[in-house]
Amino acid sequence: LITVANSKGKTFREAILQDIPRAHDILIEHGLIGKSIVLSNNTATSYLSTGEHHKALETFESLLTKVRAQDDTIQRLNLGMIYENIAVTYAYLGQNRQSLDAREQAQHHFLQNNQVEAMLRSQINSTMILRRLGYYVQAIRLLREAIDTEWYALQDAGERLLAEKGLIVCYLEVGKFRQAL
């Protein structure tokens, strides 16, 4: 979809970003809504990874509007992920309250659609924001819930270590030193 003419004098990334609206049109024209959603999500993620947080948020919110206008199946498959990505973006922007609100929406959609793994991952991620806001007891509860699941036991050591480290930090912050051991 990227033309050589469009890439003259531009970085490859700039050429790709310039051609994304045309790519969306082509995908929609061919009834490939799911591919269009993936393209928008990847575009927003690209902005996020390059520190263009406001562009990422704008793109994720635009995607959210598009997905809400689709049928139930597309909404079930995508709304949780989009809200989770919006939550991450708000966290990068330092807007912790909005990040938690978006995470609640994500977790609601994950739970409603029986996406247990995504729900627990989101739950663990939200504890980082809760800790920043000083809500250690709530963070401890969410981490304990996640750690006590069968899903958690199947995760790789790095993921388990991240959750357990968060739990230890919370216990230390609330003065429960024995539980931190």
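Residues numbered from 1 in each chain as written. Predicted model: local features only at pLDDT ≥ 70, side-chain atom pairs only at ≥ 80, totals over all residues. Heavy atoms only, no water.

## Remarks on the packing of helix H8 (residues 136–147) against helix H10 (residues 157–173)
Consideration 1: Two elements in contact, H8 and H10, have axes whose closest approach is 9 Å; the angle formed by their N-to-C orientations is 150°. Handedness of the crossing formed by H8 with H10: left-handed. Of H10, the residues touching H8 (which contributes Tyr 136, Ala 139, Ile 140, Leu 143, Arg 144 and Ile 147) are Ala 163, Glu 164, Gly 166, Leu 167, Cys 170, Tyr 171 and Glu 173.
Consideration 2: For the contact of H8 with H10, the residue count by class is nine nonpolar, one polar and three charged. (Axes fitted to C-alpha atoms, helices over the stretch in contact; angles between N-to-C directions. Helix = DSSP H or I, 4+ residues; strand = E, 2+ residues; numbered from the N terminus. Left-handed = near helix turned anticlockwise from the far one by under 90°. Contact = heavy atoms within 4.5 Å. Nonpolar A, V, L, I, M, F, W, Y, C, P; charged D, E, K, R; others polar.)

## Observations concerning the confidence of the model for the protein chain
Reading fine detail from the predicted coordinates is not recommended where pLDDT is low.
Consideration 1: When pLDDT is averaged along the protein chain, the result is 86, and 94% of the positions lie at 70 or above.
Consideration 2: Mean pLDDT across the secondary structure elements of the protein chain bottoms out at helix H1 (residues 4–7), with 48, and peaks at helix H4 (residues 53–68), with 95. (pLDDT = per-residue confidence, 0-100.)

## Let's talk about the side chain of His 109
Consideration 1: Mapped onto the elements of the fold, His 109 is located in helix H6 (residues 96–112).
Consideration 2: Judged by relative accessible area, His 109 falls into the buried class, the value being 13%.
Consideration 3: Setting aside chain neighbours within four positions, we find His 109 in contact with Leu 79, Gly 80, Tyr 83 and Gln 115. (Buried < 20%, exposed > 50% of the residue type's maximum accessible area, 1.4 Å probe, protein only.)

## A few points about helix H5 (residues 72–92)
Consideration 1: Given a rise of 1.5 Å per residue, 21 residues ought to cover 30 Å, and the 30 Å separating the end C-alpha atoms of H5 matches this to within 8%.
Consideration 2: Of all the bends found along H5, the most pronounced is centred on Asn 78 and spans about 40°.
Consideration 3: Near the N-terminus of H5, the side chain that reaches the backbone nitrogen of Thr 73, with its oxygen 3.1 Å away, is that of Asp 71.
Consideration 4: Gly 94, located one to two residues past H5, shows a positive phi value of around 75°. (Expected span 1.5 Å × (residues − 1). Bend = angle between axes of the 7 residues up to and from the residue. Polar contact = N/O pair within 3.5 Å; in protein donor to acceptor, adjacent residues only side chain to side chain.)

## Some remarks on the environment of Ser 99
Consideration 1: Within the element layout of this structure, Ser 99 appears in helix H6.
Consideration 2: Apart from the residues within four sequence positions on either side, Ser 99 is in contact with Ala 87, Tyr 90, Ala 91 and Ile 129.
Consideration 3: A distance of 2.8 Å separates a polar side-chain atom of Ser 99 from the backbone oxygen of Ala 87.

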